[in-house]
Each structure stands twice: as structure tokens, then as C-alpha cells.
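An overview of the molecular structure
As a plain string of letters, each chain reads:
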Amino acid sequence: MVAVKRSNCFHRHGHHVKCYTSNNPLMIIFACIQIVLSQIPNFHKLSWLSILAAVMSFAYSSIGIGLSIAKVIGDGPHATTLTGTTVGVDVSASEKVWRAFQAIGDVAFAYAFSTVLVEIQDTLKSSPPENKSMKRATAVGVTTTTLFYIMCGVMGYLAFGNDAPGNFLTGFGFYEPFWLVDFANACIAVHLIGAYQVFCQPIFGFVEKWCNKRWPENKFITSEHGINVPCYGVYHVNSFRLVWRTAYVIVSAVLAMIFPFFNDFVGLIGAASFWPLTVYFPVEMYIARTKIRRFSFTWVWLKILIWSCFIVSLVALVGSVQGLIQSLKTYKPFQAVQEE
């Protein structure tokens, strides 16, 4: 949302103008939207928002790839190397290592969808069997996203070389056509509005089910009140759900305003959650369910996979923590927009 405001500022006043814009008012707007959407009772009611987010994801990814191709055709490809940034020229040796570790965390986060996998499977009909539908959907989903990730990475690097921004849309790799960049950034905003709910709904559901079991007689937690909403029908308000979910969104918004470092946190969360949720538990459950014999060929290779991914996650976690510390040291909050 900030990128849209800055893009319009650059278009009016030129690319040399700094166009500083405060994140905080727009973060508050984002939080208000999430407070409303968080009152959606459960994951089953979320399909429309998930579809909208997916469409937005394809839209801005395609625009980013298209703009990269246009830049390569117009300006020619930038100098690229297999090893990326040059030590002593672009970065120091230590910076290169830390950034590589952080990038691994970003990649891990991009594939850490296991937290919502069971919730999605739970929304499917029993025919055809859920596991077969999910296996097919996961294969198509991972293949498609991998294709887009590779195209964005390769074409973005070809277009910008070692000067590639962390995000070639919000990081202003492109300034023109400004309306198309604005549209792509608006798609990112809508996508993240949906993604926030997709990742939070399992947490909301888990806490609320636990509290219902823990305090079944507490009316504040268990009772619901029907309210007629125009164009919707009867909406059942639960006091605990309203208070708990609103508090969750407010706390996350405050943390985001204190630490507005998207890539650093993406790497940190990806590194912390990838190994236990995407690798360790699924593989161990598979071994237990299929009764794979200890020290057999399959068992050994699955264990190698588990511990190799653990090392990768550990490295990514260290790199992301270092990146976050570095960002905190250099962070200077911007004041309100000044368009001169």
C-alpha cells in the first residue's frame, strides 16, 4: 500500500524524489480490515477469500515476470554470475554469507504451507477420497508455484543483475508504467489480506477449541448470539471469539509497526517453522504409519532428508536473526510523506 502511494509520488515528481511515506497509518488500516475478516467463524467459510488471494497472486507474479522480460528486451540483460554479488565490490564476505542464509529462510517460508494443509483437507468432500484429492492438488500447487518462483527469480536477476531489489515491485525495480506497477502492488495487498486469514484461522480454531474443552461451562467462551446482517443473514457472535481474535490482530499489528522488516521476518518464520512442521512431523508420521523397518534403505534416506533439512533450517534461522539485528541497527522511522 505504501508502494502505491510512493509510485504515484515518483510519477508526479520524478524518480529522484525520496517520497518518504509512513507505514503506520496503512498498517492500522490493514489491521482494521483483518479485525473484521477475523470474525469469519472458521476455515470452511474462507473459500471465497482464498480464491481471491490466489487470483491476486497469479496477477502480480505475471506482471512482475512480464515487466522483467520487457526490461531485458528494452535495456538488455544485466551482468549476472553463478555466485551472485561480488565480495569486496557489492558486499563483504560476511554479508554475503548472512544474506545467503537469510535467502534460504525465505525459500523455506515459500513452501511452509503444511500448517494449513490439514485444515484445507478437512473442507473437502469424502468422494473422491480426501487424501487422493490433496495429493493431486499439492502436486499441481507445488509445481505451479515453483514454476512462478523460478521465472520471477531468473527473469528478475536477468533484468537487474546484482542490483536486484529484495522485492522488484515494492522495492521499485520498476517505475513505469506506473499504473501497472500500482495494480500489481494492489494485488499484493489484497493477496496478503487473504493470506493473513488463511494462516491465522487454524490458530484461531485451535485456541477456541482448547478453551471450549477447558472451560465448557463458561458462557463468555461458549455462548453465541444471533444478529441479522443485511445481505448476509444471521451472524452468530461469540464474545470470546470477538475479543480474542481482535486482540491477536492488534498485537500482531503493533509488532509489525515496531519491526517493519518484511523479508527478515519472512526468513525467520520460515526457518523456525519449516523443519518441524513441513519435514520432521510429516516424515516421522509417514514412517510410523507405513511401518518402515529401521535401518532399511528407505528409512535411512528419510532420516538423511530429515537431518539435512534440519541443518538447512538452522543455518537459515541464524542468518535471519542476524539480518533482523542488522535491520534494527540501521532502522530510522520515516516521518509523514513529504512530496517536494
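In this text the structure is predicted, and so the values were computed from the model without any measurement. (Residues numbered from 1 in each chain as written. Predicted model: local features only at pLDDT ≥ 70, side-chain atom pairs only at ≥ 80, totals over all residues. Heavy atoms only, no water.)

To continue, consider the pattern of salt bridges. Taken as a whole and assessed by the stated rule, the structure comprises 4 salt bridges. Here Arg 241 and Glu 224 are joined by a salt bridge, their closest N and O atoms 3.7 Å apart. Here Arg 241 is found in helix α9 (residues 239–258), whereas its partner Glu 224 is found in strand β1 (residues 224–229), with 17 residues between them in sequence. (Salt bridge = Lys/Arg side-chain N within 4 Å of Asp/Glu carboxyl O. Helix = DSSP H or I, 4+ residues; strand = E, 2+ residues; numbered from the N terminus.)

Here we take up the nonpolar core. The biggest cluster of nonpolar side chains holds 19 residues, and the ones touching the most others in it are Leu 37, Phe 43, Leu 46, Tyr 196, Val 198 and Phe 240. Of all the secondary-structure elements, those providing two or more residues to this core are α2 (24–37), α7 (178–214) and α9. In this structure Phe 240 touches Val 207, Glu 208, Cys 211, Phe 220, Ile 221 and Arg 245, once residues within four positions along its chain are discounted. In terms of nonpolar packing, the next biggest core, distinct from the first, is built from 18 residues, Met 56, Phe 148, Met 155 and Phe 168 among them. (Core = buried A, V, L, I, M, F, W, Y, C linked by side-chain atoms within 4.5 Å. Buried < 20%, exposed > 50% of the residue type's maximum accessible area, 1.4 Å probe, protein only. Contact = heavy atoms within 4.5 Å.)

Moving on, we come to the pairing of β1. Note that β1 and strand β2 (residues 233–238) share 6 bridges and pair antiparallel. When the bridges of β2 are listed, Glu 224 appears paired with Asn 238. (Pairing = 2+ DSSP bridges.)

It is worth spelling out the state of the cysteines at this point. Here a disulfide denotes a covalent bond joining the sulfur atom of one cysteine to the sulfur atom of another. By the definition in use, this model includes 1 disulfide. Bridging Cys 9 to Cys 19, the disulfide has an S-S length of 1.8 Å. The sign of the S-S torsion, about -75 degrees, decides the handedness of the disulfide formed by Cys 9 and Cys 19: left-handed. With Cys 9 in helix α1 (residues 2–13) and Cys 19 in the loop between α1 and α2, the pair connects residues that are 10 residues apart, well separated along the chain. Each member of the pair Cys 9 and Cys 19 is classed as buried. Distance from the sulfur of Cys 187, which forms no disulfide, to the nearest cysteine sulfur (Cys 152) is 13 Å. Residue classification places Cys 187 among the buried residues on the basis of a relative accessible area of 1%. A disulfide-free cysteine, Cys 200 has its sulfur positioned 16 Å from the sulfur of Cys 32, the nearest such atom. Accessibility expressed as a relative area gives 6% for Cys 200, which makes it buried. (Disulfide = S-S within 2.5 Å.)

Right, let's talk about helix α4 (residues 93–110) for a bit. End to end, α4 covers 26 Å across 18 residues, agreeing with the expected 26 Å (1.5 Å per residue, within 8%). Every buried residue of α4 is listed here: Gln 102, Gly 105 and Ala 108. Down the axis, α4 shows its buried residues gathered within 105 degrees of arc, on one side only. The secondary structure elements touched by the buried residues of α4 are α10 (262–290) and α11 (297–330). (Expected span 1.5 Å × (residues − 1). Arc of directions from axis to C-beta.)

With that out of the way, let us pick up a nonpolar patch on the surface. Taken together, the side chains of Ile 250, Val 251, Val 254, Leu 255 and Ile 258 define a hydrophobic patch exposed on the protein surface, amounting to about 420 Å² of accessible area. Relative to the helices and strands, Leu 255 resides in helix α9. (Patch = residues over 30% accessible without salt bridge, like charges linked within 9 Å, V, L, I, M, F, W, Y side chains within 5 Å. Areas by Shrake-Rupley, 256 points an atom, 1.4 Å probe, with all protein chains shown as cover.)

This paragraph deals with the UniProt feature "transmembrane region" (unreviewed entry) in the protein chain. As recorded in UniProt, the feature "transmembrane region" (unreviewed entry) lies at residues 21–40, 46–70, 137–158, 178–199, 242–262, 268–288 and 300–325. Note that residues 46–70 is 96% helix and 0% strand, and that its end C-alpha atoms are spaced 36 Å apart. Secondary structure content for residues 178–199 is 100% helix and 0% strand, while the C-alpha to C-alpha distance between its ends is 31 Å. (UniProt positions renumbered as here; feature names shortened; annotations may be inferred.)

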